[in-house]
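Analysis of the macromolecular model
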Amino acid sequence: MKLQLALDLVNIPQAIEVVSQVAEHVDVVEIGTPVVINEGLRAVKELKEAFPNVTVLADLKIMDAAGYEVSQAAAAGADIVTILAVAEDESIKGAVAEAKKQNKQILVDMIAVKDIKARAIELDEFGVDYICVHTGYDLQAVGKNSFEDLKAIKSVVKNAKTAVAGGIKLDTLPEVIAAQPDLVIVGGGITGQDNLSETAAKFKELIVQG
Ligand SMILES: O=C([C@H](O)CO)[C@H](O)[C@H](O)COP(=O)(O)O
């Protein structure tokens, strides 16, 4: 089980500063969608240049022109690129094909999918690397989480790795760990705390204990 730190509400210098504090405790650093919207793929490029050994996920949440967008993220240095599960099957297949060509990985974000199990079964056949259940900010705000959805995909996914994101905090981490995802994605649960390094270390310790 790995830990991904999501950076959503920062600019590039702030992202680099946060990573310098927590890099030793996290396995993947995500350049979040708001950062990509504000700063462009330059954020991925500059983070990768600052930390060449860090695995970087570009949270593009691709919906169309998938092969092209994956190729651009790869050129900027991304190791993993996200696409939305609600995108067309052709887009998902295009993203997977381009990622394979570039020796990169695809994480599919299940945000807003209604029939989680049925879509996860289809995505698993397309050769995606990760299937991620995700409660976005707007549903977190009305008290939702993805813990039941995680159990649902774990019961049907045979090939892809599983991931979970959305409002995970230290107090809810044990429930997440119990479902044994391959990747736990945490943003505000780390970046919203006073001591980033100490908090990231606690997340990592619990995750390693499994
Ligand atoms: O993907 C995300 C969200 O849609 C905003 O871009 C976040 O990175 C994801 O939800 C993890 O962040 P937290 O919910 O703050 O843990």
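Basis of the calculations
- Every chain is numbered independently, its residues counted from 1 as its sequence is written.
- Two thresholds apply to this predicted model, a pLDDT of at least 70 for residue-level local features and 80 or more for giving and counting side-chain atom pairs, whereas whole-chain, interface and lining totals are computed over all residues.
- UniProt positions are given in the numbering used here, feature names are shortened, and annotations may be inferred rather than shown by experiment.
- Secondary structure elements are taken from DSSP: a helix is a run of H or I of four residues or more, a strand is a run of E of two residues or more, and numbering for both begins at the N terminus.
- Once C-beta atoms are placed from the backbone, each residue is buried if 20 or more other C-beta atoms lie within 10 Å of its own, exposed if 12 or fewer, and partly exposed for counts between those two.
- Residues are treated as contacting if the C-beta atoms built from their backbones sit within 7 Å of each other.
- Each residue gets a C-beta atom placed from its backbone. If that atom is within 6 Å of a molecule or strand, the residue is near it.
- All amino acids are sorted into three groups, where Ala, Val, Leu, Ile, Met, Phe, Trp, Tyr, Cys and Pro are nonpolar, Asp, Glu, Lys and Arg are charged, and the leftover types, Gly among them, are polar.
- When DSSP finds at least two bridges between two strands, those strands are taken to pair.
- Viewed with both strands pointing away, a crossover whose connecting path from the first strand over the helix to the second turns clockwise is right-handed.
- Working definition: the nonpolar core is a set of buried Ala, Val, Leu, Ile, Met, Phe, Trp, Tyr and Cys residues, joined through C-beta atoms within 7 Å.
- Every angle, taken between N-to-C directions, lies between 0 and 180 degrees, and every axis is a line fitted to C-alpha atoms, over only the stretch in contact when it is a helix.
- Handedness of a helix crossing follows the sense of rotation of the near helix relative to the far helix, less than a right angle counterclockwise being left-handed and clockwise being right-handed.

Looking at an unreviewed UniProt entry, one finds the protein named 3-hexulose-6-phosphate synthase, with Niallia taxi as its source organism. Of the protein, the UniProt comment under Pathway (unreviewed entry) reads exactly: "One-carbon metabolism; formaldehyde assimilation via RuMP pathway; D-fructose 6-phosphate from D-ribulose 5-phosphate and formaldehyde: step 1/2."

Helices and strands together make up the secondary structure of the protein, namely 11 helices and eight strands. Projected onto its principal axes, the C-alpha coordinates of the protein cover approximately 45 × 35 × 30 Å. Looking at the 210 residues of the protein, the share that counts as buried comes to 44%. Within the protein, counting contacts between residues at least 6 apart in sequence, those at least 24 apart form 62% of the total.

So, on to the site of the ligand. Residues in contact with the ligand amount to 18 residues; listed here are only the nearest, A6, T33, G136, G187 and G188. Residues that form the shell around the ligand fall into these classes: seven nonpolar, eight polar and three charged.

Residues in a regular strand point their side chains to alternate faces of the sheet. Burial analysis of strand β1 (residues 2-7) places five of its six residues in the buried class, the great majority of the element. Note: β1 against strand β8 (residues 183-186), four bridges, orientation parallel. Considered in β8, the bridge of K2 is made with L183. Bridge count for β1 against strand β2 (residues 28-31) is four bridges, and the pairing is parallel. When the sheet's bridge partners are listed, Q4 is paired in β2 with V28. As a crossover connection, the stretch from β1 through helix α1 (residues 12-22) into β2 is right-handed.

With that settled, the discussion passes to the environment of D182. Within the fold, D182 resides in the loop between α9 (173-178) and β8. For D182, a count of 17 C-beta atoms within 10 Å puts it in the partly exposed group. Remark: the alpha-carbon pair of D182 and K161, spanning 21 residues in sequence, is separated by 5.8 Å. Ignoring sequence-local partners within four residues, the contact set of D182 consists of M1, K2, K161, T162 and A163.

In terms of nonpolar packing, the biggest core is built from 66 residues, with I31, A58, A78, V108, I131 and C132 touching the most fellow members. If sequence neighbours within four positions are ignored, I31 has contacts with L7, A15, V36, A43, V44, L47, V56, A58 and D59.

This part is about the packing of α1 against helix α3 (residues 42-50). Angle between the axes and distance between the axes are the two parameters that describe a pair of packed helices. One way to put it is that α1 packs onto α3 with a least axis distance of 10 Å and a crossing angle of 35°. Crossing geometry of α1 relative to α3 is assigned as right-handed. Judged by residue contacts, I12, A15, I16 and V19 of α1 engage A43, E46, L47 and A50 from α3. Class assignment for the residues of the contact of α1 with α3 results in seven nonpolar, no polar and one charged.

The subject of this paragraph is the pairing of strand β6 (residues 130-134). Most of β6 is tucked away: five of the five residues are buried. On β6, burial covers both faces: Y130, C132 and H134 on one face and I131 and V133 on the other are all buried. With three bridges joining them, strand β5 (residues 105-109) and β6 adopt parallel strand pairing. Looking across to β6, one finds that V108 is bridged to I131. The handedness of the β5 to β6 crossover, carried by helix α6 (residues 116-125), is right-handed.

Now for the UniProt feature "domain: Orotidine 5'-phosphate decarboxylase" (unreviewed entry) in the protein. Taking the numbering used here, the UniProt-annotated feature "domain: Orotidine 5'-phosphate decarboxylase" (unreviewed entry) corresponds to residues 2-203. As annotated, residues 2-203 has a helix share of 45% and a strand share of 21%, and its two end C-alpha atoms lie 10 Å apart.

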